[in-house]
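# Chain and residue survey
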Amino acid sequence: MNIVEVSRLTKHFAGVAALGDVSFGVEGGAIHAIIGPNGSGKTTLLNILSGVYKPSSGEVRLRGRRIDGAHPFEIARQGMGRTFQTPRPLRSMSVLENLLLAGHSSGSWWRFDSAKRAKAMETLHFVGLADAADSPAISLPQGQQRLLEIARALCLDPQVLLLDEPHAGLNPVETERLMDVIRALHGRGLTVILVEHEMRVVMTLAQRITVLNFGKLLVEGTPSEIQSSPAAIEAYLGSRRGKSFHG
Amino acid sequence: MLIQLGFSGLAMGAIYGLVALGFTLIWNAVGIVNFAQGELVMLAAFVSVASLSQALHLPWAVNLVLTVVFMAVFGLFMARGIYHPLRNAPQLGAIVATLGLSIFLKNSAVLVWGPDPLIDSGPFGNATVSLGPAKIYGQHVLILVTMVVLMVLQVAMFRGTAIGKAMRATAQDREVARLMGINTDRVIALIFAYACMLAGVAGVLVAPVFYVSADMGGMVALKAFASSIVGGFGHVPGAVIGGLILGLMDAFGSYFLSSQYIDVISFGLLIAFLIFRPQGLFGEPEMERP
Amino acid sequence: MGTKRVRFVAIALAILSVAAMLIPNVLGVYYLHVVNVALVNVILAVGLNFILGFGGQISLAQAAFFGLGAYGYSILALRGVPLPVAAVAGVLLAGGAGLALGWPALKLKGHYLALATLGFGIIMQQLMINLGGLTGGANGLSAIPRFGLGPLTLDSEPHIFYLELIFAALVVALSVLFDRSPLGMRARALRDDETAAEVSGVNIRNIKVMLFVISATCGGLAGVLYSTMLGYISPDVFAWSTTFNYLVMVVIGGLGSTGGVVTMAFLLTLIPEWLRFLKDSYMAVFGLVVIVMMAAAPGGLAGLARAATAHRTRQRFPLSRKGAGKFELGKPREGKVG
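How each quantity is defined
- Residues numbered from 1 in each chain as written.
- Chains lettered and ligands numbered in written order.
- Predicted model: local features only at pLDDT ≥ 70, side-chain atom pairs only at ≥ 80, totals over all residues.
- Helix = DSSP H or I, 4+ residues; strand = E, 2+ residues; numbered from the N terminus.
- Rg over C-alpha atoms; globule rule 2.2 N^0.38 Å.
- Contact = placed C-beta atoms within 7 Å.
- Buried ≥ 20, exposed ≤ 12 C-beta atoms within 10 Å, placed from the backbone.
- Axes fitted to C-alpha atoms, helices over the stretch in contact; angles between N-to-C directions.
- Left-handed = near helix turned anticlockwise from the far one by under 90°.
- Nonpolar A, V, L, I, M, F, W, Y, C, P; charged D, E, K, R; others polar.
- Core = buried A, V, L, I, M, F, W, Y, C linked by C-beta atoms within 7 Å.
- Pairing = 2+ DSSP bridges.
- Right-handed = clockwise from strand over helix to strand, strands pointing away.
- pLDDT = per-residue confidence, 0-100.
- Expected span 1.5 Å × (residues − 1).

### Observations regarding the overall build of chain A
Helix and strand content of chain A: nine helices and 10 strands. Its C-alpha radius of gyration of 18 Å places chain A within 12% of the 18 Å reference for a compact globule of 247 residues. Principal-axis analysis of the C-alpha atoms places the extent of chain A at approximately 55 × 40 × 35 Å. Within chain A, counting contacts between residues at least 6 apart in sequence, those at least 24 apart form 65% of the total.

Right, dumping it as structure tokens:
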């Protein structure tokens, strides 16, 4: 059974169909990329998966249980975390506190758990932000904010991580570092659903790719299958500035 | 009787609409809810009645023009002194600041003009016009006529003149307007000035209908907020239409239902709209945002 | 908390308790009364701070909850209901109203919520004025029985002082504990970024309602204490414009800072006394000062305090983009969008 299953997902906004009848499955432990030109519905899909939007019709299942229409916090607590395209740090808190919040978003009202605190520090070490633990979250530069987002989502102890264009705007060094983090997460057995524009990253990291266009599923397959798919090539070269699939 | 109620309801509604229009323009331009809009009307009413009418005995038309000019200048000061320092502040700061302004204006009015309410008979006094069996107050007719003229002029300005188009552009999207070369700071100041001018007209028109007192701003503002919610917050024609609807509701509700509880009813309506149809009659539903 | 900290707190509490014992003897009846009013304001402001400061939700209804507690207690007490029952009923009435308001308010944000809570406040005030048979109308109620338990009655300002001090201390303690707890962290996450909090697992709906109820209950408690302190109440005390005072206490004290809010509550009660010579111009000056404060120091007293210590952070992380104070009041407005 796929860890995430999307069936006939449709979403309308005031008459415009952002997603039309999209179905696909994500295998547990895989790095699964979702790509497509701007406006193809990738972010809408991510928002529905994480519960921020409710679908107009269709189903989403996490480990076999339906989560479409559930509140975002319910989905988060069931083991699916996400990051945002533009990082959303909690402004009044430090880097470490951002992570502590995720770890303590449910459970005891009055007691902080020292085990969760230790896990938060360990996660900071994992993404390389341990030095900045006590600095204000908003003081981090852009690339590190992305890592903070991921670290915060990790403190939910998720099985699935939704990443929304995490490589956008990063320099090559930051890009490489982020790719290492994603590989390490994959090594830990996490399922990563990666919405991305950076083709080199996608082709290098992903085991499976779903291509969206105009809200519909265009084609799905392994990186080499996608690279040789005429439909995918046309969707991309037709609407972007001739950027090829090879980065 | 119905016709009479209708006219008085529309007249009050026109006032609510004018006030609502003022802060709707400010909201569209800079994202601040101007909680002091009612006090601006009060200020204009006092200036018009106390200073221009009672002290200087100026004819009504001159009174109107001078009051509007005064309010326009005040609006420029408001833009510089209140909006400008707060332009990047979070919502709550701006709310508290405009509430502070309303308190300041309300209490300053008492200091300047004394605590007693003023009565002004206006240019028509109690004169009525007969429409069949109904007797309609001249003042109400004046309000409605002024309103129509003003709306026509406003549409002409917004669509026809360069400055009007600049104001519309800035109100729709400040960043894009700036990128197009519009001096948004100056345009925003003008929008504040215009919104205050609208309050000025409202103040002059409403003065003969009510006692002019320092407290009048609060209730007018609240009715105007309700009008705006009903019409669709941020929707320019909606503000006016919402005002007319609320004015008619007030008039007919007071007569047929209960004048004591009319405020409870209108604010109940406000809350009902906020819960069930926050976009009002004409607004667009807010999209869920990621 | 380390043992050094515990000792510090214990000593501070001991000193404060002694001071509290002495205050009624040191101050004359008049100033003791002012302090009593200040304590009521502390409960109101610290209460409002839960929904406004910790939660970042704009509620303009605090005066209405104040009034519900006051009228609830007074109406029942005047009808012979046992005073402890009347007091609890008043508090529960306010808390219940907070629940009734908080639930539908889940959908509303920012200025929409402000307007809805404002409307609620207006409606409550109109009901207080118009339900004359019940509420005494515009004249209000008088000869309200002083709170007492059996043979123990409060018949002097010092007694009122101790009663109010206990409750104020409880509310402040709750606020401080809340602030340091995971629950408080969730509330602050809600304030900082509702969506980010939600996808991090925070049940923001429950938190919002909970904060509303806490704020409303504190308001009701303040209302009961106020009624028993003065012995008479009238609708104009609970006008929505009164909410403005508490709004100022919370915002200028520093959203979410218990210490700042308590300080402002005392200052705003005492300053009018000191500035008596201003007489009628006091409110006008007050309004003006508020405008200036908002423009100059949007973080309030707490923000100023934090900015003073922020330079230390800058020295530790010199390459940071923005090293300034930790407390930011949430995202700036985006004009028409939002």
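### Description of the overall build of chain C
Counting its secondary structure elements, chain C contains 14 helices and two strands. Counting the 338 residues in chain C, one finds 52% classified as buried. In chain C, the share of contacts with a sequence separation of at least 24, taken over all contacts with a separation of at least 6, comes to 77%.

### Focus on helix H3 (residues 95–103) of chain A
Extensive coverage of H3(A) is indicated by the burial of nine of its nine residues. Listed in full, the buried residues belonging to H3(A) are A:Val95, A:Leu96, A:Glu97, A:Asn98, A:Leu99, A:Leu100, A:Leu101, A:Ala102 and A:Gly103. Against helix H4 (114–127) and helix H5 (142–154) of chain A together with helix H8 (182–192) of chain C lie the buried residues of H3(A).

### Let's talk about the packing of helix H9 (residues 216–231) of chain B against helix H10 (residues 236–256) of chain B
Residues and elements named next belong to chain B. Two elements in contact, H9 and H10, have axes whose closest approach is 7 Å; the angle formed by their N-to-C orientations is 115°. As for how H9 packs across H10, the hand of that crossing is right-handed. On the side of H9, the interface is formed by Lys 223, Ala 224, Ala 226, Ser 227, Ser 228, Val 230 and Gly 231, while H10 contributes Gly 238, Ala 239, Ile 241, Gly 242, Gly 243, Ile 245 and Leu 246.

### Observations concerning the interface of chain C and chain A
Often, the extent of an interface is quoted as the loss of accessible area on bringing the components together. Of the residues lining the interface, 27 residues belong to chain C; the matching set on chain A comes to 29 residues. Among the elements that line the side of chain C that touches chain A, the one with the most residues is H8(C), at seven residues. A class-by-class count of the residues in the side of chain C that touches chain A yields 10 nonpolar, eight polar and nine charged.

### Details of unusual backbone geometry
Residues and elements named next belong to chain A. The backbone phi angle of Arg 8 is positive, close to 50°, even though this residue is not glycine. Position of Arg 8 among the secondary structure elements: in strand E1 (residues 4–13). The class of Arg 8 is exposed, set by 12 C-beta atoms lying within 10 Å. Here the phi dihedral of Asp 21 falls at roughly 55°; this positive angle occurs in a residue that is not glycine. Its place among the elements puts Asp 21 in strand E2 (residues 16–26). On the basis of neighbour count, Asp 21 is assigned to the partly exposed category, with 14 C-beta atoms found within 10 Å.

### Here's the deal with the nonpolar core
With 277 residues, the main nonpolar core has B:Val19, B:Ile191, C:Ile43 and C:Ala45 as its most contacted residues. When sequence neighbours within four positions are dropped, the list of residues in contact with C:Ala45 reads C:Tyr246, C:Met249, C:Val250, C:Val261, C:Met264 and C:Ala265.

### Side note on the pairing of strand E8 (residues 191–195) of chain A
Residues and elements named next belong to chain A. Across the five residues that make up E8, a large majority, five, are buried. Where strand E3 (residues 31–35) and E8 come together, four bridges link them in parallel fashion. Counted as the bridge partner of Ile 31 is Val 192 from E8. The sheet contact formed by strand E7 (residues 160–164) and E8 spans five bridges and is parallel. If you follow Leu 161 over to E8, its bridge partner there is Val 192. Between E7 and its parallel partner E8, the chain crosses via helix H6 (residues 172–187), and the hand of that crossover is right-handed.

### Description of the confidence of the model for chain C
All names here are of chain C. Taken as a whole, chain C shows an average pLDDT of 85; of its residues, 90% reach a score of 70 or greater. The secondary-structure element of chain C with the lowest mean pLDDT is helix H14 (residues 300–316), recorded at 66, while helix H10 (residues 204–230) shows the highest, at 96. Model confidence for the complex is summarised by a pTM of 0.88, with the ipTM given as 0.90.

### Points about the sheet that holds E2(A)
All names here are of chain A. Strand order across the open sheet formed by four strands is E2-E1-E4-E5, with antiparallel pairing between neighbours. A single partner strand is all that each edge strand has here, and the edge strands are E2 and strand E5 (65–66). Here E1 runs beside strand E4 (residues 57–62); their pairing, made up of five bridges, is antiparallel. Looking at E4, one finds that Val 4 is bridged to Leu 62.

### Some points on the sheet that holds E7(A)
All names here are of chain A. Taking strand neighbours across the sheet as the criterion, the six strands line up as E6-E7-E8-E3-E9-E10 in an open arrangement whose pairing is mixed. In this open sheet, the two edge strands, each paired with only one partner strand, are strand E6 (80–82) and strand E10 (216–221). The mean angle between the axes of side-by-side strands here comes to 20°, regardless of whether they run parallel or antiparallel. Relative to E10, strand E9 (residues 208–213) runs antiparallel, the two sharing five bridges. Across the sheet, the residue bridging to Val 211 is Val 219, located in E10.

### Considering the interface of chain B and chain C
Opposite the 42 residues of chain B that make contact, chain C presents 42 residues. Mapped by element, the contributors of at least two residues to the side of chain B that touches chain C are helix H1 (2–30), helix H3 (60–86), helix H4 (91–113), H9 and helix H11 (262–276) of chain B. With 15 residues, H4(B) is the single largest residue contributor to the side of chain B that touches chain C. When its residues are assigned to classes, the side of chain B that touches chain C shows 29 nonpolar, 11 polar and two charged.

### Considering the environment of B:Ala224
Residues and elements named next belong to chain B. Of note, Ala 224 is situated in helix H9. Residues Ala 224 and Val 19 lie 205 residues apart in sequence; the distance between their C-alpha atoms is 5.9 Å. Setting aside residues no more than four positions away along its own chain, Ala 224 makes contact with Tyr 16, Val 19, Ala 20, Phe 23, Gln 37, Gly 38 and Gly 243.

### Some details on helix H11 (residues 240–253) of chain C
Residues and elements named next belong to chain C. With 14 residues, H11 should reach 20 Å at 1.5 Å per residue; the first-to-last C-alpha distance of 20 Å fits that figure. Of all the 14 residues making up H11, 12 are buried; the element is thus mostly covered by neighbouring parts of the structure. Regarding H11, the residues found buried are Trp 240, Thr 243, Phe 244, Asn 245, Tyr 246, Leu 247, Val 248, Met 249, Val 250, Val 251, Ile 252 and Gly 253. One or two residues past the end of H11 sits Gly 254, with phi positive at roughly 120°.

### Considerations on the pairing of E3(A)
Residue and element names in this part refer to chain A. For E3, the tally of buried residues reaches five of five residues, placing the bulk of the element in the interior. Residues Ile 31, Ala 33 and Ile 35 point to one face of E3 and His 32 and Ile 34 to the other, with burial holding for every one of them. Here E3 pairs with E9 via four bridges, running parallel. Pairing of Ala 33 across the sheet is with Ile 209, part of E9.

### Concerning the environment of B:Ala79
Relative to the elements of secondary structure, B:Ala79 occurs in helix H3. In this structure, the C-alpha to C-alpha distance between B:Ala79 and B:Ala189, residues 110 residues apart in sequence, is 5.2 Å.

### Description of the environment of A:Ala17
Residues and elements named next belong to chain A. Positionally, Ala 17 belongs in strand E2. Given 15 C-beta atoms within a 10 Å radius, Ala 17 is considered partly exposed. Setting aside chain neighbours within four positions, we find Ala 17 in contact with Thr 10, His 12 and Gly 215.

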